[in-house]
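A closer look at the structure
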Amino acid sequence: MKHLLLLLLLTATTTVHAQPDTLCIDSALPHPSEVSIGSSQEIRVKKPSAFSRFLTGFTNFFMGCDTNYVTPQKYQFTAQAELSYWHDYYRIRSSESQNRMTIQSVPSLVLGGYLYYGFLGYGISWNLNDIGKPNGQTNGTSMRQAISINTARIFAEVFLYRSGKTARITHLTDFDFKGKDNSFSGLDSKLFGLQAFYIFNNRKFSWPAAFGENAVQRRSCGSWNLGFQYNHQSITFNDAELPEYLVSTIDTTLLFNGVDYNDYSISIGYSFNWVIRRNLLLAISLQPSIGYRRSNIEEADFTHDILNNVSTDLTTRASVIWNNTKFFSGLILELHTYSYRKSKFGLTNTYGTLKFVLGFNFLKKKPPLP
């Protein structure tokens with residue numbers, strides 16, 4: 001009997017010491033920052049707010065991806081510096097005489113950058129050629145600005161810029177510029193634009209990895225995209241700035257006072273990300289578009305015409321990016337081509353930029369909620 005009582009006492013003592021504290025877990029939200037310990041030594045998890053659940057779902061919808069193909073952004077902020085080379089090209093043609101004239105802007109060296117919070121970014125840059133010059137003597141491109149939304153599913157951007165006034169006439173039908181000063185400062189162009197498109201294969205293909213630097217593509221992949229663009233551009237041509245030797249010889253049907261247009265178009269494009277090696281990406285994107293353009297063209301004889309026509313444009317992008325999720329650098333090329341046509345006059349405007357980018361990500365995100 002004594003031995004039996006001793007055995008029962010020993011068993012009860014062992015059971016008490018082996019019993020763990022009670023664990024209360026809400027499986028819907030095990031985030032460690034939302035765990036608290038009560039006075040009874042029980043671990044409780046706070047119930048997530050409606051806003052937290054909405055924010056998590058919103059982020060997963062726009063930035064969710066297949067992690068076998070894409071490493072998503074791990075940080076809250078992205079800071080990016082850009083050194084850009086800008087160039088404009090204008091080709092003017094007369095349907096009556098078949099004569100042509102080509103004007104190219106003097107290339108601009110532009111310094112600027114982007115700051116991203118999540119997938120929302122703001123960019124600003126300045127023309128280095130204008131630094132230190134008084135008003136009236138600058139190239140006219142002192143500032144360029146853009147606001148962008150760069151997600152896995154949707155890319156959108158609003159931008160505003162002004163091209164350089166300093167240019168050269170590089171071609172004129174039946175005229176030899178050899179040994180002559182072909183500089184021209186009578187061309188001025190302002191552009192306000194909005195573009196947005198949806199990326200279909202957004203789980204495996206990453207647009208931010210190619211052109212936003214806030215994700216990393218791990219396996220080569222491509223995607224079709226469908227987009228919308230709006231552009232408002234004003235181009236003025238001051239023939240009083242033409243070199244004197246051209247005033248009496250130039251075909252007047254090549255001259256115009258101004259072009260002011262609104263363009264609405266839909267684009268269907270394809271983009272491909274090729275992972276050359278770990279953290280190194282080569283990307284290319286082609287986006288032809290077709291749309292409706294309303295133009296107000298003022299010719300040199302001061303006649304006025306309203307032009308409503310179908311527009312066809314092309315946007316080309318390419319990049320080489322190295323990104324280890326913390327730091328990144330690379331080259332980005334972007335070209336836009338716009339055309340204007342009427343019965344006697346045509347103008348094609350192409351502008352492009354080559355950017356060297358260097359940046360880093362900071363303020364690491366908390367682990368995502370399931």
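Fair warning: this is a prediction, and the values are worked out from it, not measured in the lab.

Turning next to the side chain of Ser289. Here Ser289 lies in strand 16 (residues 280–299). Here Ser289 falls in the buried class, since its relative accessible area comes to 9%.

The pLDDT averaged across the chain works out to 80; a share of 78% of its residues lies at or above 70. The least confident element of the chain is helix 1 (residues 2–18), whose mean pLDDT is 43; the most confident is strand 13 (residues 216–217), at 96. Confidence drops under a pLDDT of 50 for residues 4–36, and excluding neighbours within four residues, the segment shows 32 contacts in the predicted structure.

A full pass over the atoms with the stated rule returns 18 aromatic pairs. Between the aromatic rings of Trp86 and Tyr161, the centroid separation amounts to 5.6 Å while the plane-to-plane angle is 35 degrees, which identifies the pairing as tilted. Taken as a pair, Trp86 in strand 4 (residues 75–94) and Tyr161 in strand 9 (residues 154–162) lie far apart in primary sequence, 75 residues in all. Note on Trp86: relative accessible area 13%, which makes it buried. Summarising the aromatic geometry, the rings of Phe175 and Tyr245 are spaced 5.8 Å apart at their centres and angled 10 degrees between planes, so their arrangement reads as stacked.

Right, let's get into the environment of Ile169. Its location among the elements puts Ile169 in strand 10 (residues 167–172). For Ile169, a relative accessible area of 0% corresponds to the buried category. As for Ile169 and Ser185, which are separated by 16 residues in sequence, their C-alpha atoms are 9.9 Å apart. Not counting chain neighbours up to four residues away, the residues in contact with Ile169 comprise Met101, Thr102, Ile103, Phe177, Asn182, Phe184, Leu242, Pro243 and Leu246.

Attention shifts here to empty space enclosed by the protein. Across all of its chains, the model carries five cavities of 30 Å³ or more by this definition. Its volume calculated, the largest cavity comes out at about 490 Å³. Taken together, 33 residues line the largest cavity, and the ones lying closest to its centre are Tyr114, Ala146, Glu157, Glu334 and Lys355. Class assignment for the residues of the lining of the largest cavity results in 14 nonpolar, 12 polar and seven charged. Reported here for the second largest cavity is a volume of approximately 80 Å³. In terms of lining residues, the second largest cavity is bounded by Met63, Cys65, Val70, Pro72, Gln73, Ala152, Asn202, Arg203, Phe205, Ser206, Pro208 and Ala215. In terms of residue class, the lining of the second largest cavity is built from eight nonpolar, three polar and one charged.

Here the focus is unusual backbone geometry. Despite not being glycine, Asp174 shows a phi value in the positive range, around 60 degrees. The topology assignment puts Asp174 in the loop between strand 10 and strand 11 (183–184). For Glu213, which is not a glycine, the phi torsion comes out positive at approximately 60 degrees. Of the residues examined, Glu213 reaches a relative accessible area of 1% and is grouped as buried.

Another point: the pattern of salt bridges. In the structure shown here, the tally under the stated rule is two salt bridges. Across the pair Lys355 and Glu82 runs a salt bridge whose closest N-O atoms are separated by 3.9 Å. Taken together, the residues span a long stretch of sequence, with Lys355 in strand 19 (residues 345–364) and Glu82 in strand 4 at a distance of 273 residues. The partner of Arg317 in a salt bridge is Glu334, and the shortest N-O contact between them spans 3.7 Å.

The biggest cluster of nonpolar side chains holds 21 residues, and the ones touching the most others in it are Ile92, Met101, Ile103, Ile169, Phe237, Phe256 and Leu347. Elements represented by at least two residues in this core include exactly strand 4, strand 5 (100–105), strand 10, strand 14 (221–237), strand 15 (256–277) and strand 19. The biggest single contributor to this core is strand 10, with three residues. Formed by 19 residues, the second largest nonpolar core is a distinct cluster that contains Cys65, Ala209, Phe211 and Cys221.

By the element assignment, Met143 lies in the loop between strand 7 (120–127) and strand 8 (144–150). In this structure, the C-alpha to C-alpha distance between Met143 and Arg162, residues 19 residues apart in sequence, is 7.8 Å. When neighbours within four sequence positions are excluded, Met143 is seen to be in contact with Ile124, Ser125 and Trp126.

Rules and cut-offs
- Residues numbered from 1 in each chain as written.
- Predicted model: local features only at pLDDT ≥ 70, side-chain atom pairs only at ≥ 80, totals over all residues.
- Heavy atoms only, no water.
- Helix = DSSP H or I, 4+ residues; strand = E, 2+ residues; numbered from the N terminus.
- Buried < 20%, exposed > 50% of the residue type's maximum accessible area, 1.4 Å probe, protein only.
- pLDDT = per-residue confidence, 0-100.
- Contact = heavy atoms within 4.5 Å.
- Phe/Tyr/Trp six-rings, centres within 6.5 Å; stacked < 30°, edge-to-face > 60°.
- 1 Å grid on protein atoms, 1.4 Å probe; cavity = no way out; pocket = protein on both sides within 12 Å on 5 of 7 lines; lining within 4 Å.
- Points joined across faces, edges and corners; volume = space filled by probe spheres on them.
- Nonpolar A, V, L, I, M, F, W, Y, C, P; charged D, E, K, R; others polar.
- Salt bridge = Lys/Arg side-chain N within 4 Å of Asp/Glu carboxyl O.
- Core = buried A, V, L, I, M, F, W, Y, C linked by side-chain atoms within 4.5 Å.

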